[in-house]
Amino acid sequence: MHRLVEHMPLPLSTFDSEGRLLSANNAFADLLSIPRKMLVGKTVWEIMPRREALLLKKGFESVSKNKKNITIEEYTPSTGKKRYYRLILFSIPLSAEKDDLFGLLSIDISEQKQSREKLREHKERIEAIFKAVQSGIVLVDAKSHRILDVNPAACKIIGLSHEEIAGKTCCKFICSYEHDSCPFMDMIPPADDEELMTDSEQQLIQAGGKKLTILKTVKYITIEGQEYLLESFVDISEQKRQQTQLKRMYSKLKKLNTNLEEEIAFANRMAIEAETANIAKSEFLANMSHEIRTPLNGITGMVSLLLDTGLTSKQQEYADTLQQSSNILLDIINKVLEYTSLETSRVKAGTVVFNLKDLLLRITEVIKLKAQDKKLHFSNCISHDIPERITGDPEYLKQILVNLGNNAVKFTPKGSVCFTAAKVSGRKSRSPLLYFSFQDTGIGISEEMQGSIFKEFTQADSSFTRKYGGMGLGLTISKRLVDLMDGEIGLRSKPEKGSEFWFTIPFSDHESHPIIDGKNSHRFIVLFRKNRTVTCSRAKSQNRTRDTRCRR
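The following paragraphs examine the structure supplied in this document.

### Quick notes on the overall build of the chain
Scanning the chain from terminus to terminus reveals 15 helices and 21 strands. When the 552 residues of the chain are sorted by exposure, 37% land in the buried category. At a minimum sequence separation of 6, the contacts of the chain that also span at least 24 residues come to 55%. Carbon and sulfur atoms make up 54% of the accessible area of the chain, which totals about 33700 Å².

Rendered as structure tokens:
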């Protein structure tokens, strides 16, 4: 018996007259989330919150006084998950010399409670739909032809109140059929759950005897053994009037449709011709870019060789200027070539496995050198929880990062540039995302220009082209590459305060755990807000904190 009680699924415990727990089974210990060994000998005040302890103390006193069991319905514990229990308090008589013991049996009725709540909500929902639906609904007793219920829409169509309709016989009241000639109840043997009529034009008798054309559906139903007809209908008088007008307009529309088809065919021909011309233009520009880039690469290479020879200071200055100009021109040609390739839809994102961390370190090292040339402070915030190897397109990712990093350095006269890389959760899908951003303290972008900054040949100000160079294609190319990788790109900026360009891309992780050195492990936290502000903090494992934060 002891083992049976110990392993029974219902929580059971016994207490003495002082409220001290004498025994408890495993289920009771699980309910309180306290080991059994720690329960025995404790009072209710020591093992339960004050509300529960006071409730049990009063219950035991009542049982002792009245010699009757007490049942407490829908008791909810103060702690833990929200569950509902039925508590049964009972006495356990002993000898006359000893005080009675008290038993406590807890029965989990959460599912019953939830079922009742769902049934109540379902009933309320059905009643709300019945009242709110715009179609008239009438429930009729299949044997007596008596109307049992109508919704507000039916009352409005009929022109009478609920009290004036309910209880009346439907025949010759709202329906034109006689009692012994009803096509649904008298002439057709009903079958359970059979739809006797669907969207049929019928006559409804309104208040005062006026007949109205309705579209009616009748369904035979059985509820708790009782047979009913469920009739639903809508007033189609206005539709019938409009139908006549539509017939007169049909011939006109047919003629207009013929003319429209001819115009569409002409527009399609023009669109094909325009697309063909656009493709030819893009192909010509791409070919020309290739033709220009080939000799330009030769010039760049020869200048590099020339710089390695013995030159005078003046010759060195001229050669440096020639090399810088060649590199700028080559960068422009490369961007034009990439833009035309994207415009003609020749490219698709690749799917290869590559080392993400190595790629990020190589790119940020290049950006760092460019920042140092301008005497800018460059900081890195690469989270250790990003995977080392992923599947994606490394060339596209590299090009996006280089474009955004070069822009951050180019448009920052003084201050700092901060790069962030982290693994985040996707909002629209369950797939994880990689988050990248470059935050600078540069010239910033006005709010009115931010909406068009990703359009081709666009810079925040026309004077920037003269001052900073470039064609305004870097961000356009970056956005199209992000789109090809099913990602998202955006910015946050204020004039004279700086900018933050960010993008996210989905990825497939090719490692079960990120590779982290246990001795020098760090934890990176990336916080997101609606305006895409990012805080990246790094905390050491020995409860000491070192900030490497990227802030405004």
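### Re empty space enclosed by the protein
Space left empty within the atom packing is revealed by a probe, the size of a water molecule, rolled over the atoms. Per the counting criterion, the structure on display carries three cavities of 30 Å³ or more. In this structure, the second largest cavity spans a volume of roughly 60 Å³. Ile174, Cys175, Gln203, Leu204, Ile214, Lys216, Glu231 and Phe233 together form the lining of the second largest cavity. For the lining of the second largest cavity, the secondary-structure elements that each account for two or more residues are strand 8 (195-205), strand 9 (211-223) and strand 10 (226-235). Among the residues forming the lining of the second largest cavity, the class breakdown is five nonpolar, one polar and two charged.

### A short note on the nonpolar core
Nonpolar side chains in soluble globular proteins tend to be buried together. Residues Leu360, Leu397, Leu401, Phe436 and Phe503 are the most contacted members of the largest nonpolar core, which totals 40 residues. Looking at this core, the elements with two or more residues in it are helix 11 (356-373), strand 12 (377-382), helix 12 (394-410), strand 14 (416-425), strand 15 (432-440), helix 15 (474-484), strand 16 (488-494) and strand 17 (498-506). Among the elements that line this core, the one with the most residues is helix 12, at seven residues. When near neighbours in sequence (up to four residues on either side) are disregarded, phenylalanine 503 contacts Leu397, Ile400, Leu401, Leu404, Leu434, Tyr435, Phe436, Val482, Glu488 and Ile489. Ranked by size, the runner-up nonpolar core spans 21 residues in total, among them Ile165, Met197, Leu204 and Leu229.

### Re the pattern of salt bridges
Here the structure, examined in full by the defined rule, presents eight salt bridges. Glutamate 124 is the partner of arginine 120 in a salt bridge, and the nearest nitrogen-oxygen pair spans 2.8 Å. Placement of the pair is arginine 120 and glutamate 124 together in helix 6 (residues 110-132), with a separation of four residues, close to one helical turn. Ionic pairing is found between glutamate 238 and arginine 241, a salt bridge with its closest N-O pair at 2.1 Å. Of this pair, glutamate 238 and arginine 241 both sit in helix 9 (residues 237-307), three residues apart, roughly one helical turn.

### Examining the packing of helix 12 against helix 15
One way to put it is that helix 12 packs onto helix 15 with a least axis distance of 9 Å and a crossing angle of 150 degrees. Between helix 12 and helix 15 lies a crossing whose hand is left-handed. Contacts between helix 12 and helix 15 involve Tyr396, Gln399, Ile400, Asn403, Leu404 and Asn407 from the first element and Gly474, Leu475, Ile477, Ser478, Leu481, Val482 and Leu484 from the second. Of the residues in the contact of helix 12 with helix 15, the class split is eight nonpolar, five polar and no charged.

### Thoughts on the pairing of strand 1 (residues 12-15)
Side chains of strand 1 alternate between two faces, with Leu12 and Thr14 and Ser13 and Phe15 buried alike. Pairing analysis gives four bridges linking strand 1 to strand 5 (residues 101-108), with the strands arranged antiparallel. Bridge assignment links leucine 12 to a residue of strand 5, and that residue is leucine 105. What sits between the antiparallel neighbours strand 1 and strand 2 (residues 21-24) is a turn of five residues, in which glycine 19 has the positive phi angle 85 degrees.

Conventions we followed
- Residues numbered from 1 in each chain as written.
- Predicted model: local features only at pLDDT ≥ 70, side-chain atom pairs only at ≥ 80, totals over all residues.
- Heavy atoms only, no water.
- Helix = DSSP H or I, 4+ residues; strand = E, 2+ residues; numbered from the N terminus.
- Buried < 20%, exposed > 50% of the residue type's maximum accessible area, 1.4 Å probe, protein only.
- Contact = heavy atoms within 4.5 Å.
- Areas by Shrake-Rupley, 256 points an atom, 1.4 Å probe, with all protein chains shown as cover.
- 1 Å grid on protein atoms, 1.4 Å probe; cavity = no way out; pocket = protein on both sides within 12 Å on 5 of 7 lines; lining within 4 Å.
- Points joined across faces, edges and corners; volume = space filled by probe spheres on them.
- Nonpolar A, V, L, I, M, F, W, Y, C, P; charged D, E, K, R; others polar.
- Core = buried A, V, L, I, M, F, W, Y, C linked by side-chain atoms within 4.5 Å.
- Salt bridge = Lys/Arg side-chain N within 4 Å of Asp/Glu carboxyl O.
- Axes fitted to C-alpha atoms, helices over the stretch in contact; angles between N-to-C directions.
- Left-handed = near helix turned anticlockwise from the far one by under 90°.
- Pairing = 2+ DSSP bridges.

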